[in-house]
Every structure is written in structure tokens, then in C-alpha cells.
Amino acid sequence: MGISFSFSEEQEDIRRAAREFAEKEFTWELALECDREEKYPMDLVKKCMKLGFHAIAIPEEYGGGGYTAIEQCIVMEEFSAVNPGLALACLTPTFGIDILLRHGSEEQKEKYVARVAKGDAIMGMANTEPEAGSDAANIKTRAVLDGDEWVLNGSKMFITNGTVADFILVTARTREMDPKAKHRGISYFIVETDREGFKATKIKGKMGIRASDTAEISLKNVRVPKENLVGEEGKGFYYMMEFFDITRVWVGAQAVGIARGALELTKNYVKQRKAFGVPLAMFQFIQFKLAELATKIEAARSLVYRAAAVQVEKGKPDPVLSSMAKWYAGEVAVETCDWCLQFHGGYGYIDEYPINEFYRDAKITEIYEGAKEIEKLIIARNLLGVK
């Protein structure tokens, strides 16, 4: 079978549907309101969930679209090209679901995955702690078995959907930490957010993606039944690393969409804005820079979709390709938005122009799901065969 470099007719239909939804529903008035007020667009999210865009890659038997990582990236790219903040809010109600799909019990899938797929629940995932970011194995949150229940204590930081989720996948240490092997003894638990002792506090003042809900979470003697343990006890770190290999490609698609959207805004602006009596688009420097950015965006897209295609073909992600796609696409998004804001001049510096939000939203793609330095470390260690 030959390699295909174009989307199938069905994939093109999905792309068009995603674009049409975003262009209709992601109004600039709503985007500006959510950005300025750091407001979660619940009505928009529910509308998106009703159409199933959030669940496009969830198997059909649980109420999802039954598509693959490729189609998931298509939707993320198209949404992000219209407005990155609203896009993220709409597509993260399933955040963490890959862990349930790959390692959860059938009962957990029917109880939790189906609810999210049908739009009846929002989920999240809590890994990061005040002292456990890039050092993901340095988790201090504890889970102790007490009869038929696990008792969780600890705190989590920068948790997507923290104050709006119905349940969250939480990493906790179920064994004493071995200083020489910190990654051992970490487990995942399903924690319903209405349980006693669970507290989520919204984080305000974020630079970008302000429509997306981010919270600090406190767990004080939170009790969950034994059946809320996901997969094998002690294997949570490995599940987490596998999850990041999957979602890094998705973040790469987000970055490609952000870069595309910024470039489109700037193409239109430089054709209209005049300097010294002629449109900015007539200046050769601007022409050359836009050509360079467009080429880099296309290269990033190719890398992202190759990583997604390999994930589909092999049934599992390629850690090196995922890291390359996420790091490079994030870097291209940040560079593109930087130049695009520059070409908007003073107007780009005020939030009434969309390029301002694109500029601020782009940076997160170099930070979450593994900072760009971690991506480079993964690539280098694989190249050199170093553990």
C-alpha cells in the first residue's frame, strides 16, 4: 500500500464540519468575553459535545465516533485555527480518557467513558503537583487502602477542567517512594468531584487559553471505592507516559492550527494596512517572512499527521515522533504568532484584535504535555540509546 499525503473524502467531510461549527459558534464576541473574564463557555461546550466533536476518537460501543487519532487531530487543528481558547475548552471534556480506554475495566468504561462520550459528563486528569511537573515521578499525593476504600491525600496543580469536571483521574502513590526508582508505586484513581474532602480552586491570571478551566486541587481524606483503581496498582507512571505520547500529537495539531489561524489573520491584515502609501503586503521582507512561516507550518503539519498515522497503524504511539511533532509544532506556533503580531504593529498589542490572543495562547503548546526541553531529552536519549 502506498503512502497517502491527502485526507480521504470522509476526513475532508469531518474537516469541513469542524470548520463550519467553529466559524459559526466561536464568535469573536464570545471569545473576547471568555478571554477577558476567564470564563468557561459551558453552553458552547455542551453544544459541541452534543454534536460529538469531543468524542470523535472514542469507540462506537461507548457512544463515540469510532474514528482515530488522525480525525481527532483534524478537529483540533480546525477548531484552533478559528480560536485556540474556545477550541481547547470544547475538546478537553475527554481529557484523560485514553487511560480509561486502554487500562480501565469494562465496568469503568461503561460507567464513565460512555457518560463522557454522550455529553453527560466532563472529565479531567490530575498529575501535576507543586513539586512534580517535568519531574513527573516526584508525586507526593498518597493513597492508602482502608478496608474496601482508598483514602487519598495531597494536592494537584494546573489541572484542566478542575472546577467543571464531574470526575477526575488522579495519580497517587500507593507505595513508599524509592529514591532510586521514584516512578514505581504510582497508581491512577477515578475521583468524583462531589466526594467529601475534594476541593478545586480556579487558577486566574493565566497568560493564555483563558477560556479553558484550570484549577488547583486539594484532596483531604477523600475516599473512593476499591473499584475506582484504574488498571494495575503501581503502574500509573507507565500509563502516564503512554498517555503523553498520545496527547503530544494532539497538542501538535493544536499548535499547527494556532499557527495557521495567525497566518490567515495576518495575510488579510497586511493586504489592507498601508505604510508609505502601499499595502504592507507589497514589502518584500514581509512577503519573504510569510513564505518562511507558511513553509514551517506545512512541515509541522506533515510531522504531526505522520506521528498520528504511525500511532494508528501500530496501535500505539511512537515516543520519538510524538515528541518531535509536539516540540516542532509548538516552536513554529510561537514563532509564527510572534511575527504575525509584529506585522499588526500597535494594533496587535491590544486585545480587540484576535492576533493578540493567538500570540498569548501559542506559548502553552511549548509547556504542557511535557515542556519542549523534555521533548528534546526524549528524542536525544532515543537517538543515543541512553536510558
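Up top you'll find the structure we're talking about.
On a predicted model such as this, the values are computed, not experimentally measured, just so you know.

**Quick word on the overall build of the protein chain**
Next up, step 1: Helix and strand counts for the protein chain stand at 12 helices and 10 strands.
Next up, step 2: By the compact-globule yardstick of 21 Å for 387 residues, the protein chain fits well, its C-alpha radius of gyration being 21 Å.
Next up, step 3: Here the C-alpha coordinates of the protein chain stretch approximately 80 × 45 × 40 Å along the principal axes.
Next up, step 4: Within the protein chain, the proportion of its 387 residues that are buried is 53%.
Next up, step 5: As displayed, the protein chain has an accessible area near 17900 Å², and 53% of this comes from carbon and sulfur atoms.
Next up, step 6: Averaging the locations of the 51 positively and 58 negatively charged side chains of the protein chain gives two centres separated by 4 Å.

**A short note on the packing of helix α8 (residues 236-272) against helix α11 (residues 354-362)**
Relative orientation and spacing of two packed helices are given, respectively, by the angle between their axes and the distance between those axes.
Next up, step 1: Two elements in contact, α8 and α11, have axes whose closest approach is 10 Å; the angle formed by their N-to-C orientations is 155°. With respect to their mutual orientation, α8 and α11 come out roughly antiparallel. Every pair of crossing elements has a handedness; the one defined by α8 and α11 is left-handed. Residues Ile-258, Gly-261, Ala-262, Leu-265 and Thr-266 of α8 form the contact with α11, whose own contacting residues are Pro-354, Ile-355, Phe-358, Asp-361 and Ala-362.
Next up, step 2: Classifying every residue of the contact of α8 with α11 by side-chain character gives 7 nonpolar, 2 polar and 1 charged.

**Here's the deal with the state of the cysteines**
Note on terminology: a disulfide is the covalent bond linking the sulfur atoms of two cysteines.
Next up, step 1: Scanning the model with the defined rule gives 0 disulfides in all.
Next up, step 2: No disulfide involves Cys-337; its sulfur sits 6.3 Å from that of Cys-340, the nearest cysteine.

**Things to note about the pairing of strand β3 (residues 149-160)**
Next up, step 1: In this sheet, β3 lies alongside strand β2 (residues 142-146) in antiparallel orientation, the contact comprising 5 bridges. Within β3, the position partnered with Ala-143 by the bridge is Leu-152.
Next up, step 2: Between β2 and β3, which follow one another and run antiparallel, lie 2 residues, and Gly-147 among them has a positive phi close to 70°.
Next up, step 3: By the bridge criterion, 9 bridges tie β3 to strand β7 (residues 214-225) in an arrangement that is antiparallel. Residue pairing for β7: Val-151 is matched across the bridge by Arg-223.

**Things to note about empty space enclosed by the protein**
Vacant regions in the atomic arrangement are exposed by a probe of water-molecule size rolled over the atoms.
Next up, step 1: Across all of its chains, the model carries 3 cavities of 30 Å³ or more by this definition.
Next up, step 2: In this model, the largest cavity occupies a volume close to 90 Å³.
Next up, step 3: Sorting the residues of the lining of the largest cavity by element identifies α6 (97-103) and α8 as the ones contributing at least two each.
Next up, step 4: The element that contributes the greatest number of residues to the lining of the largest cavity is α8, accounting for 4 residues.
Next up, step 5: When the residues that make up the lining of the largest cavity are grouped by side-chain class, the tally is 5 nonpolar, 4 polar and 1 charged.
Next up, step 6: A volume near 40 Å³ is recorded for the second largest cavity.
Next up, step 7: Lining the second largest cavity are Phe-53, His-54, Ile-56, Gln-72, Val-75, Leu-91, Thr-94 and Trp-250.
Next up, step 8: Residues belonging to the lining of the second largest cavity are distributed by class as follows: 5 nonpolar, 3 polar and no charged.

**What about a negative patch on the surface?**
Next up, step 1: Taken together, the side chains of Glu-60, Glu-61, Glu-106, Glu-107 and Glu-110 define an acidic patch exposed on the protein surface.
Next up, step 2: As for its placement among the helices and strands, Glu-110 is situated in helix α7 (residues 106-117).
Next up, step 3: A relative accessible area of 52% places Glu-110 in the exposed class.

**What to know about the nonpolar core**
Next up, step 1: Counting 63 residues, the largest nonpolar core has Phe-26, Phe-53, Val-75, Phe-79, Leu-86, Val-270 and Val-304 as its most contacted members.
Next up, step 2: When near neighbours in sequence (up to four residues on either side) are disregarded, Phe-26 contacts Phe-21, Leu-44, Phe-79, Val-82, Asn-83, Leu-86, Ala-87 and Cys-90.
Next up, step 3: One finds Tyr-112, Ala-132, Ala-137 and Tyr-188 within the second-largest nonpolar core, a separate group that totals 30 residues.

**What about the pattern of salt bridges?**
Next up, step 1: In this structure the tally under the stated criterion is 34 salt bridges.
Next up, step 2: For Lys-289, the salt bridge is made with Glu-292, and the minimal N-O distance between the two is 2.9 Å. One end of the pair, Lys-289, and the other, Glu-292, are both in helix α9 (residues 284-314), 3 residues apart, so they sit about a helical turn from each other.
Next up, step 3: On the accessibility criterion, Lys-289 (12% relative accessible area) is buried.
Next up, step 4: Through salt bridges with shared partners, a single ionic network connects Glu-12, Asp-13, Arg-15, Arg-16, Arg-19, Glu-23, Glu-77, Glu-78, Arg-260, Glu-298 and Arg-301.

**Some thoughts on the environment of Ala-215**
Next up, step 1: One can find Ala-215 in strand β7.
Next up, step 2: Along the chain, Ala-215 and Val-270 lie 55 residues apart, while their C-alpha atoms are 39 Å from each other.
Next up, step 3: With residues near it in sequence (within four places) discarded, Ala-215 still touches Lys-156, Met-157, Phe-158, Ile-159, Gly-162, Thr-163, Ala-200, Thr-201, Lys-202 and Ile-203.

**Comments concerning helix α5 (residues 84-91)**
Next up, step 1: Of all the 8 residues making up α5, 8 are buried; the element is thus mostly covered by neighbouring parts of the structure.
Next up, step 2: Among the residues making up α5, those that are buried are Pro-84, Gly-85, Leu-86, Ala-87, Leu-88, Ala-89, Cys-90 and Leu-91.
Next up, step 3: In this fold, the buried residues of α5 make contact with α2 (28-37), α3 (42-51), α4 (69-82), α8 and α11.
Next up, step 4: A side-chain oxygen of the first residue of α5 lies 3.3 Å from the backbone nitrogen of Gly-85; this N-cap is Asn-83.

About the thresholds
- Residues numbered from 1 in each chain as written.
- Predicted model: local features only at pLDDT ≥ 70, side-chain atom pairs only at ≥ 80, totals over all residues.
- Heavy atoms only, no water.
- Helix = DSSP H or I, 4+ residues; strand = E, 2+ residues; numbered from the N terminus.
- Rg over C-alpha atoms; globule rule 2.2 N^0.38 Å.
- Buried < 20%, exposed > 50% of the residue type's maximum accessible area, 1.4 Å probe, protein only.
- Areas by Shrake-Rupley, 256 points an atom, 1.4 Å probe, with all protein chains shown as cover.
- Lys, Arg positive; Asp, Glu negative; His and termini not counted.
- Charge placed at Lys NZ, Arg CZ, Asp CG, Glu CD.
- Axes fitted to C-alpha atoms, helices over the stretch in contact; angles between N-to-C directions.
- Parallel < 35°, antiparallel > 145°, perpendicular 65-115°, else oblique.
- Left-handed = near helix turned anticlockwise from the far one by under 90°.
- Contact = heavy atoms within 4.5 Å.
- Nonpolar A, V, L, I, M, F, W, Y, C, P; charged D, E, K, R; others polar.
- Disulfide = S-S within 2.5 Å.
- Pairing = 2+ DSSP bridges.
- 1 Å grid on protein atoms, 1.4 Å probe; cavity = no way out; pocket = protein on both sides within 12 Å on 5 of 7 lines; lining within 4 Å.
- Points joined across faces, edges and corners; volume = space filled by probe spheres on them.
- Patch = residues over 30% accessible without salt bridge, like charges linked within 9 Å, V, L, I, M, F, W, Y side chains within 5 Å.
- Salt bridge = Lys/Arg side-chain N within 4 Å of Asp/Glu carboxyl O.
- Core = buried A, V, L, I, M, F, W, Y, C linked by side-chain atoms within 4.5 Å.
- Polar contact = N/O pair within 3.5 Å; in protein donor to acceptor, adjacent residues only side chain to side chain.

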